[in-house]
Amino acid sequence: MSTPKIHATAVIDPSAQIGEDVEIGAYTVIGPDCIVGDGTILGPHVVLEQYTELGKLCQVRAGAVLGGPPQDNKFKGERSFVRVGDRTQIREFVTIHRSTGEDEATTIGDDNLIMAYVHIGHNCNVGNKAMLSSYAGLSGHIYIEDNVIVGGMIGMHQFVRVGRYAMLGGYSKVVQDVPPFMLADGRPADILDLNVRGLRRAGIDTNTRNALKQAYKLLYRSNMNRTQALEAIAEELEPNPELDYLVQFIERMKDGTSGRQDDRPRR
């Protein structure tokens, strides 16, 4: 078993679990009940507060603070977690907060790139292979699905959900859900086009891309309302898994508040 490389100035709580081949930089602090997976590298001045869990082969760079208590008045000191998957890169001065709610977790999946100064608030969920650009700010209860690109300096409203392969332009104000496969930009963010380049890179076949393009035009570039556009999609386009997923995502939006499917109406 390989011995971790731990700088002499690092402070590690005895209850923390440190995997094999881990590197821990100068003045890094690892709090109680933390887990650091095999092969993970923590740079200097990193802070892992209580109940932070990192998977294998992650990189956390200088000044990042993971597991801080949520900025939420509902939080009463209950046990909650930050959980990060494997091979995720967390760059300088990123902050990721624990959840509100007993045994709830803020979760980050595998193979993500989270650039410098990003803030991820309580109860957020970031999927796999997402890219969050510098200075993006995610309020609480945001869900970023797989393969999403979030531009720099973005502000995101709580309970927003962003679908797979969506791309959000820098400086956008995101207050509603962004459907999968779309390009969005603006203040507030609006749907501009289909993310054709991202779909090509993902290996989505031509027929599927064409069907999604037609669906985009019916939804956002016709004179139809949402219900009429969805009916036209069902009548005019051959179903496929990506198109079905897009339709289901948009149908769920009407169940939430102000175009946010996860923000359920209060009673």
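Everything numeric in this text was worked out from a predicted model, so none of it was measured.

1. Some points on the nonpolar core
Then step 1. By size, the foremost hydrophobic cluster in this structure holds 67 residues, and its most contacted members are Ile120, Ile144 and Met156.
Then step 2. Of all the secondary-structure elements, those providing two or more residues to this core are β12 (81-84), β27 (182-186), β28 (189-194), α2 (206-220), α3 (226-236) and α4 (241-253).
Then step 3. With seven residues, α4 is the largest single contributor of residues to this core.
Then step 4. Two domains each put at least three residues into this core: domain 1 (5-195) and domain 2 (200-253).
Then step 5. Leave out the neighbours within four places in its chain, and Ile144 touches Asn125, Val126, Gly127, Ala130, Leu138, Val150, Met156 and Val162.

2. Some remarks on the pairing of strand β15 (residues 105-108)
Then step 1. Of the strand pairs in this sheet, β12 and β15 are connected by four bridges, and their pairing is parallel. Its bridge partner being in β15, Phe81 is matched across the sheet by Ala105.
Then step 2. Pairing analysis gives two bridges linking β15 to strand β18 (residues 125-126), with the strands arranged parallel. Bridging from a neighbouring strand, Ile108 pairs with Val126 of β18.

3. Quick look at the packing of α2 against α3
When two helices pack together, their arrangement is given by the angle between the helix axes and the distance between those axes.
Then step 1. Where α2 contacts α3, the two axes come as close as 8 Å, and the packing angle between them is 150 degrees. Regarding the angle of α2 to α3, the classification is roughly antiparallel. Our pair here, α2 against α3, has a crossing hand that is right-handed. Counting all contacts with α2, which are made through Ala215, Leu218 and Leu219, the residues of α3 involved are Ala229, Leu230, Ala232, Ile233 and Glu236.
Then step 2. Taken together, the residues of the contact of α2 with α3 break down into seven nonpolar, no polar and one charged.

Each value, and the rule that gives it
- Residues numbered from 1 in each chain as written.
- Predicted model: local features only at pLDDT ≥ 70, side-chain atom pairs only at ≥ 80, totals over all residues.
- Heavy atoms only, no water.
- Core = buried A, V, L, I, M, F, W, Y, C linked by side-chain atoms within 4.5 Å.
- Buried < 20%, exposed > 50% of the residue type's maximum accessible area, 1.4 Å probe, protein only.
- Helix = DSSP H or I, 4+ residues; strand = E, 2+ residues; numbered from the N terminus.
- Domains from an automatic or database assignment.
- Contact = heavy atoms within 4.5 Å.
- Pairing = 2+ DSSP bridges.
- Axes fitted to C-alpha atoms, helices over the stretch in contact; angles between N-to-C directions.
- Parallel < 35°, antiparallel > 145°, perpendicular 65-115°, else oblique.
- Left-handed = near helix turned anticlockwise from the far one by under 90°.
- Nonpolar A, V, L, I, M, F, W, Y, C, P; charged D, E, K, R; others polar.

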